[in-house]
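Spelled out, the chains give:
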Amino acid sequence: MSGRILVMRALGGLGDVLTAVPALKRLRHAHPEAEITYLGLEQVRPVVARYPELIDAFLPFPGFPGIVEQPFAIDRLSDFLAERAAAPRFDLAIQMHGSGSVSNVFTALFGAARFAGYHVPGLWAPEGSAPFPDHLREADRWLALVERLGCTEGDAAPDFPITTADRAAPDALGLGRGYAVIHPGASDPVRRWPPERFAAVADMLARAGHAIVLTGTPNEAAVVEAVAGSMAAPAANLCGGTTLGEMAGVVAGAALVMTNDTGTAHLAEAFGTPSVTIFIASDPARWGAADRLRHVAVGRGVPDVPIGVPPHGIAPSLPSVDQVMAAVTSLMELV
C-alpha cells in the first residue's frame, strides 16, 4: 500500500507509545511508501516525533464521549470532524487504542476505505475487526493486529531512538558508570511503591557499590524528595532536571533500573538495561517486559480480567521490601 494510513491510539503515557512501536515497525516494513498518521494525545507528540521513520504526521485527538483520556467538548469535536471531511480520505484506519467499545465508533467516523481493530464480543463489530485478545501482552496485541493485515515480517523489537548527545547525558550530568536509577514516581499515585521502601532498596544498592540516581517528572518532586530524605546514602536527584532524551540516555547508561510500572520501565526494556518493575495496581502480564530474566516484574498487581467479567475480589497489594531486594540481587549478577 502506498496510500494513507491512520493509527488511532489516544493514550497519554510514554509506555503507551513504546508498546505500540513493535507493531508500527511491522506496519512500516510492509508499507514503506505509505503516509502513516498517528492520532494521539498532544502530550505524546514529542515521543512520537522520535520515530520519523515510522510516523509521517501527527493528528491531535479532539476528545470523544466515552474516551476518558481527554475531556470532551462538542465544539472541538465538531470542528475536528469538519476539517477531516475536507481532507483526503484514509485508505486504512487502524484502531490501536483498546478493546474498541467506544474507540471503534470514533475511528469509523474517518470513513476510511478499510478498517482494522478489535471489538468486544456482543458489541458493534466493524468489518475488519477481531475479538479483543484479553490474554496477550499489550505490545503483542498490536503485533497480532497488524499481522492480520499481512504485516508479519521485519524487526519488532522494543526501541527508543536517542541522539549522540542523549547517550552522552550520563557523562554530561557527572554520573560516571555503574550507577543505579531509582524511579519512584508514576502518573497514577496508586501505582507508586512507598518512598521509604524505595529508599531501603536504594541503600542496599549503595552498599553494593552503586551510585544512586533518582529520577522523576516535575510533578513527582515530592515523592522523589521523600526517597532522598529516607536514604542513608547520598543520591543524585535529577527529578525534573532532564529532557526526555537525556532521561533516556540516563536509563540507557545505567547498570540497573528500579521503577514503578511507568514509562521508565519501558525505556529500560527498549535499551536492554536490567530492571525491576514494581506492580501494584496494574497487570504485570499485560505491561511487563517480554524478557522476564533481564526485566523482572515484582508484585501480582491487579490482573486484567476478561472483558465482561466483573473484577470481584481484586485489590492492589504492596510487594515487600524483601521481595524487591531479592529481585534486585538476582539482577546484580548481570551488571
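Structure: above.
The present account deals with the structure reproduced in this document. None of the values given here were measured: they were computed from a predicted structure.

What counts and what doesn't
Throughout, residues of each chain are indexed from 1 in the direction in which the sequence is written. With the structure being a predicted model, the display of local features is reserved for residues of pLDDT at least 70 and the display and counting of side-chain atom pairs for 80 or more, all residues being used for whole-chain, interface and lining totals. Where side-chain values are given, they derive from all heavy atoms of the structure, hydrogens and water being excluded. The rule for pairing is simple: two strands pair if DSSP sees at least two bridges between them. Numbering of helices and strands runs from the N terminus; a helix is a DSSP stretch of H or I covering at least four residues, while a strand is a stretch of E covering at least two. Whether two residues are in contact is decided by their heavy atoms: any pair within 4.5 Å suffices. Only the stretch in contact is used when a helix axis is fitted, and all axes are lines through C-alpha atoms; the angle between N-to-C directions ranges over 0 to 180 degrees. Exposure categories follow from relative accessible area, calculated using a 1.4 Å probe and restricted to protein chains: below 20% of the type maximum is buried, above 50% is exposed, and the middle band is partly exposed. This arc is taken over the directions from the axis of the helix to the C-beta atoms. Residues enter a nonpolar core if they are buried and are Ala, Val, Leu, Ile, Met, Phe, Trp, Tyr or Cys, with the set joined through side-chain atoms within 4.5 Å. For this analysis, a ring pair means two rings from Phe, Tyr or Trp (six-membered ring only for Trp) whose centres lie within 6.5 Å, classed as stacked if their planes differ by under 30 degrees, edge-to-face if by over 60, and tilted for the remaining angles.

1. Focus: the sheet that holds strand β11 (residues 275-278)
Okay, step 1: Read across the sheet, 6 strands follow the order β9-β8-β7-β10-β11-β12 without closing on themselves; strand pairing throughout is parallel. The open sheet has two edge strands, β9 (236-237) and β12 (295-298), and neither has a second partner.
Okay, step 2: With 4 bridges joining them, strand β7 (residues 180-183) and strand β10 (residues 256-260) adopt parallel strand pairing. If you follow I182 over to β10, its bridge partner there is M258.
Okay, step 3: Contacting β10, β11 and β12, helix α14 (residues 321-331) runs over the sheet at an angle of about 160° to β11.

2. Notes on the environment of V213
Okay, step 1: Tracing the sequence through the fold places V213 in strand β8 (residues 212-214).
Okay, step 2: It is 6.0 Å that separates the C-alpha atoms of V213 and A180, two residues lying 33 residues apart in sequence.
Okay, step 3: Dropping the residues within four chain positions of it, V213 is found in contact with L175, Y179, A180, V181, I182, A236, L238 and V250.

3. Here we look at the sheet that holds strand β4 (residues 92-95)
Okay, step 1: Within the open sheet, the 6 strands sit side by side as β3-β2-β1-β4-β5-β6. Their pairing is parallel. In this open sheet, the two strands that pair with only one neighbour each are β3 (57-60) and β6 (129-131). For this sheet, the mean inter-axis angle between neighbouring strands, taken without regard to orientation, is 20°.
Okay, step 2: The pairing of β4 with strand β5 (residues 114-119) spans 3 bridges and is classified as parallel. Bridging across to β5, I94 finds its partner in A116.

4. Some words on α14
Side chains that are three or four residues apart share a direction in an α-helix, a result of its 3.6 residues per turn.
Okay, step 1: Here α14 has its buried residues at V324, A327, V328 and L331. Buried residues along α14 cover an arc of 100° about the axis, so they all sit on one side.
Okay, step 2: Where the residues of α14 are buried, they touch α9 (195-207), β10, β11 and β12.

5. Some details on the environment of L256
Okay, step 1: Along the chain, the position of L256 falls in strand β10.
Okay, step 2: Distance in space between the C-alpha atoms of L256 and I182 is 8.7 Å, their sequence separation being 74 residues.

6. A word on the nonpolar core
Okay, step 1: Of all hydrophobic cores here, the largest spans 47 residues; its most connected members are Y38, I94, M96, F160 and L267.
Okay, step 2: Within the second largest apolar cluster, 28 residues are counted, among which are A180, V201, C239 and L256.

7. Focus on helix α2 (residues 21-30)
Okay, step 1: Of all 10 residues making up α2, 8 are buried, and the element is well covered by its neighbours.
Okay, step 2: Looking at α2, one finds that the buried residues are V21, P22, A23, L24, K25, R26, L27 and R28.
Okay, step 3: Summarising the contacts, the buried residues of α2 are in contact with β1 (4-8), α1 (14-18), β2 (35-40), β4 and α6 (138-148).

8. Here's the deal with the packing of aromatic side chains
Okay, step 1: Applying the stated criterion across every chain, the model contains 12 aromatic pairs.
Okay, step 2: Ring centres 6.3 Å apart and planes at 80° place the aromatic pair Y51 and F160 in the edge-to-face group. Taken together, the positions of Y51 in the loop between α3 (45-48) and β3 and F160 in the loop between α6 and α7 (164-167) put the pair 109 residues apart, joining distant regions of the chain. Considered together, Y51 and F160 belong to a single accessibility category, that of buried residues.
Okay, step 3: For the ring pair Y118 and W142, a centre distance of 5.5 Å and an interplane angle of 45° mean the geometry is tilted. Highlighted residues: Y118 in strand β5 and W142 in helix α6, separated in sequence by 24 residues. An identical accessibility class is assigned to Y118 and W142; each is buried.
Okay, step 4: Site record: aromatic cluster; members linked through ring pairs are F61, F64, F80, F90, F106 and F110.

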